[in-house]
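Take a look at the letters that make up each chain.
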Amino acid sequence: NAGVTQTPKFRVLKTGQSMTLLCAQDMNHEYMYWYRQDPGMGLRLIHYSVGEGTTAKGEVPDGYNVSRLKKQNFLLGLESAAPSQTSVYFCASGRAVGDGYTFGSGTRLTVV
Amino acid sequence: QQPVQSPQAVILREGEDAVINCSSSKALYSVHWYRQKHGEAPIFLMILLKGGEQKGHDKISASFNEKKQQSSLYLTASQLSYSGTYFCGTAFPGSGGGADGLTFGKGTHLIIQP
């Protein structure tokens, strides 16, 4: 099992450019999450999904959009990248309430 | 709403014990614990649910005090492989049991020396 796969692993963007981060899980999990991790800040929730076709805002959603058209995929979009979005982005999935999350290996994004 | 972890960092010798605390200002439904090594993804360790049910690993245990809104992670006879950053993630009542995501603390850096 691959678990949770994130692509790309690294990316450098110029301010104002757009991009999409892909998260794919092969465990048939219902719940999927996007977090960003910044030094000294821990993990902060951007958006989440409790099932195919559903999405909701987390703690820091501004500047991001998401879609979950298929159960196994959760996409995170940056429409107009800003230097403040420089971060490591982690996708996570969960089978059910009461179970732990499985995290992807992360995407390191730098916006210059 | 972010839980507070303590200590921020700890250095131990191999074989020593460690306790990491996680405190919340809000009532908790559940507490997750994760370990992250540098440059890697967080790895799930265990979950503690309101009502006392516990899941997790052997050699690493945890407690959940609902009244004090606190959880503690215990690492006994630490091994070199225990080094990393430990995060607690909290879910609150009314959050779908955590379905709408966890709120993570800032982490505790644990260094185990030979």
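Quantities reported herein were computed from a predicted structural model and do not represent experimental measurements. (Residues numbered from 1 in each chain as written. Chains lettered and ligands numbered in written order. Predicted model: local features only at pLDDT ≥ 70, side-chain atom pairs only at ≥ 80, totals over all residues. Heavy atoms only, no water.)

Draft legend 1. Highlighting the overall build of chain A. In terms of helices and strands, chain A carries 0 helices and 11 strands. Ordered by position in the sequence, the α and β elements of chain A form the string β-β-β-β-β-β-β-β-β-β-β. Each of the three principal axes of chain A carries a C-alpha extent, and together these read 40 × 30 × 25 Å. Among the 112 residues that make up chain A, the fraction classed as buried is 50%. Positive and negative side-chain charges in chain A, numbering 11 and 8 respectively, have mean positions lying 7 Å apart. (Helix = DSSP H or I, 4+ residues; strand = E, 2+ residues; numbered from the N terminus. Buried < 20%, exposed > 50% of the residue type's maximum accessible area, 1.4 Å probe, protein only. Lys, Arg positive; Asp, Glu negative; His and termini not counted. Charge placed at Lys NZ, Arg CZ, Asp CG, Glu CD.)

Draft legend 2. Quick look at the sheet that holds strand β3 (residues 19–25) of chain A. All names here are of chain A. With respect to topology, 4 strands assemble into an open sheet ordered β1-β3-β8-β7, the strand pairing being antiparallel. Bordering the open sheet on either side are β1 (4–7) and β7 (64–67), each of which pairs with just one other strand. In this sheet, adjacent strand axes meet at a mean angle of 20 degrees when their direction is disregarded. Bridge count between β1 and β3: 4 bridges; the pairing is antiparallel. Each residue of the ladder has a partner; that of valine 4, found in β3, is glutamine 25. (Pairing = 2+ DSSP bridges. Axes fitted to C-alpha atoms, helices over the stretch in contact; angles between N-to-C directions.)

Draft legend 3. Just the state of the cysteines, in detail. All names here are of chain A. On inspection of all chains with the given rule, the structure shows 2 disulfides over all chains. Here cysteine 23 connects covalently by a disulfide to cysteine 91, the sulfurs 1.9 Å from one another. In this structure the cystine formed by cysteine 23 and cysteine 91 twists about its S-S bond by roughly -70 degrees; its chirality is therefore left-handed. Taken together, the residues cysteine 23 in strand β3 and cysteine 91 in strand β9 (residues 87–94) connect sequence positions 68 residues apart. (Disulfide = S-S within 2.5 Å.)

Draft legend 4. Representation of the pattern of salt bridges in the model. Residue and element names in this part refer to chain A. On inspection of all chains with the given rule, the structure shows 4 salt bridges over all chains. Taking the shortest distance from any N to any O, the salt bridge between lysine 71 and glutamate 30 comes out at 2.8 Å. Here the residue lysine 71 occupies a position in the loop between β7 and β8 (73–78), and glutamate 30 occupies one in the loop between β3 and β4 (31–38), the gap between them amounting to 41 residues. Glutamate 30 gets classed as partly exposed once you look at its relative accessible area, which sits at 31%. With a closest N to O distance of 2.9 Å, aspartate 38 and arginine 36 form a salt bridge. We note that aspartate 38, like arginine 36, is buried. The network of salt bridges with common partners includes Arg36, Asp38 and Arg44. (Salt bridge = Lys/Arg side-chain N within 4 Å of Asp/Glu carboxyl O.)

Draft legend 5. The sheet that holds strand β7 (residues 70–75) of chain B, seen in detail. Residues and elements named next belong to chain B. The 4 strands lie next to each other as β1-β3-β7-β6, forming an open sheet whose pairing is antiparallel. Single-partner strands in this sheet number two, and they are β1 (4–6) and β6 (60–65). For this sheet the average axis-to-axis angle between neighbouring strands, irrespective of direction, equals 15 degrees. Pairing of β6 with β7, which is carried by 6 bridges, proceeds in the antiparallel orientation. Within the sheet, the bridge partner assigned to isoleucine 60 lies in β7 and is leucine 75.

Draft legend 6. Structural view of the confidence of the model for chain B. Summary statistics for chain B give a mean pLDDT of 90 and a share of 93% for residues scoring 70 or more. Looking across chain B, the model is least confident in β6 of chain B, with a mean pLDDT of 89, and most confident in β1 of chain B, with 97. (pLDDT = per-residue confidence, 0-100.)

Draft legend 7. Seen up close, the packing of aromatic side chains. Inspection of every chain in the model, using the stated rule, returns 13 aromatic pairs over all chains. Site record: aromatic cluster; members linked through ring pairs are Tyr33, Tyr35, Tyr48, Phe90, Tyr101 and Phe103 of chain A together with Tyr34, Phe44 and Phe104 of chain B. (Phe/Tyr/Trp six-rings, centres within 6.5 Å; stacked < 30°, edge-to-face > 60°.)

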